[in-house]
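# Structural characterization, general
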Amino acid sequence: MDPRESALRLRPLTDADREQALCAHEELAADGFEFLLDLREGEPWEEHVRRHEGYRHGIGLPEGYVPATFLVAEVAGELVGRSSIRHELNDHLRQVGGHIGYGVRPAFRRRGHATEILRRSLEVLRPLGVPRALVTCDDDNTGSATVIERCGGRLENVVPVAGGAPKRRYWIDLA
Ligand SMILES: CC(C)(COP(=O)(O)OP(=O)(O)OC[C@H]1O[C@@H](n2cnc3c(N)ncnc32)[C@H](O)[C@@H]1OP(=O)(O)O)[C@@H](O)C(=O)NCCC(=O)NCCS
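Criteria and thresholds
- Residues numbered from 1 in each chain as written.
- Predicted model: local features only at pLDDT ≥ 70, side-chain atom pairs only at ≥ 80, totals over all residues.
- Helix = DSSP H or I, 4+ residues; strand = E, 2+ residues; numbered from the N terminus.
- Rg over C-alpha atoms; globule rule 2.2 N^0.38 Å.
- Buried ≥ 20, exposed ≤ 12 C-beta atoms within 10 Å, placed from the backbone.
- Pairing = 2+ DSSP bridges.
- Core = buried A, V, L, I, M, F, W, Y, C linked by C-beta atoms within 7 Å.
- Contact = placed C-beta atoms within 7 Å.
- Near = placed C-beta within 6 Å.
- Nonpolar A, V, L, I, M, F, W, Y, C, P; charged D, E, K, R; others polar.
- Axes fitted to C-alpha atoms, helices over the stretch in contact; angles between N-to-C directions.

For the rest of this paragraph, the subject is the overall build of the protein chain. Within the protein chain, the secondary structure is distributed over five helices and seven strands. Going residue by residue from the N terminus, the α and β elements of the protein chain occur as β-α-α-β-β-α-β-α-β-α-β-β. In terms of overall size, the protein chain behaves like a compact globule, its C-alpha atoms giving a radius of gyration of 15 Å where 175 residues would be expected to give roughly 16 Å. Dimensions along the principal axes, computed over C-alpha positions, put the protein chain at roughly 40 × 40 × 35 Å.

Now the structure itself:
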């Protein structure tokens, strides 16, 4: 483990995370990345939290969603990043999205957090019986590609994406 990362906790989102999570959401929007998923205007924060807790158990999934675990990464009381762990793949995820999506807030980058978040997310996926995880990133996202490769990712291919950057598709063995 990267010694810088021993203090990172990956845990479910809670009612108390509202302020920091919304702040992170705004920050990551600058990268075209959604920190919070399926955020609904006017929805009370507690309901957002409950909704995602339900998704973990396959409850109340919107059209096109698969059961997924949403976790935030906390270091010394600060939310530094997040992970969305999809328990299975549908056609879109198999081609573009992959099993795990993660992001780190700009102020906390280059400290090994994303590498640790992916490593721990793989440990969430393993007991669900997934033999190998698909993790993808934009072809020009050097940081994310390095993170995936450091976690054992083997590049299968780079695929075109309608209206977006080509995606690198990596597999990481879990069995
Ligand atoms: C990509 C991202 C997750 C990396 O987060 P991070 O916490 O900075 O990553 P790490 O510190 O674990 O980086 C691991 C290695 O990747 C490489 N790396 C990270 N960011 C990099 C960058 N911007 N440019 C080049 N290399 C980079 C470095 O080699 C780094 O190791 P080092 O700091 O020891 O040199 C973060 O920049 C981010 O959230 N970006 C926006 C959202 C996003 O792209 N998410 C991924 C979607 S697939």
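Resuming the write-up.
Bringing the pairing of strand S6 (residues 154-161) into the picture now. Judged by how many residues are buried, S6 sits mostly at the surface: zero of eight residues are covered. Where S6 meets strand S7 (residues 164-173), six bridges bridge the pair, whose relative direction is antiparallel. Bridge assignment links asparagine 157 to a residue of S7, and that residue is arginine 169. A loop of two residues connects S6 with S7, the two strands running antiparallel in sequence, and glycine 163 in this loop sits at a positive phi of about 70°.

This part takes up the nonpolar core. Core analysis: the biggest nonpolar cluster contains 31 residues, and Leu118, Ala133, Val135 and Ile148 have the highest contact counts within it. Those elements giving two or more residues to this core turn out to be helix H1 (18-29), strand S2 (68-75), strand S3 (78-86), strand S4 (100-104), helix H4 (113-125), strand S5 (132-138), helix H5 (142-150) and S7. Aside from chain neighbours lying at most four places away, what touches alanine 133 is His99, Ile100, Leu122, Leu125, Ile172 and Leu174.

We now examine the site of the ligand. By nearness alone, 20 residues border the ligand, and Arg109, Ala114, Thr115, Gly143 and Thr146 come closest of all. Residue assignment for the shell around the ligand shows that the elements contributing at least two residues are S4, H4 and H5. Among the elements that make up the shell around the ligand, the one with the highest residue count is H5 (five residues). By residue class, the composition of the shell around the ligand is six nonpolar, 10 polar and four charged.

Our next topic: the sheet that holds S6. Read across the open sheet, the three strands follow the order S5-S7-S6; overall the sheet is antiparallel. Only two strands of the sheet have a single partner each, and these edge strands are S5 and S6. Shown here is a sheet whose adjacent strand axes are inclined to one another by a mean of 25°, direction ignored. Here H5 sits on the sheet and contacts S5 and S7; the angle it forms with S5, its principal contact strand, is near 160°.

Taking strand neighbours across the sheet as the criterion, the four strands line up as S1-S2-S3-S4 in an open arrangement whose pairing is antiparallel. The sheet terminates laterally at strand S1 (9-12) and S4, the two strands that pair on one side only. The sheet shows a mean angle of 25° between the axes of neighbouring strands, direction not considered. Both S1 and S2 contribute to a ladder of four bridges, which runs antiparallel. Bridge assignment links proline 12 to a residue of S2, and that residue is leucine 71.

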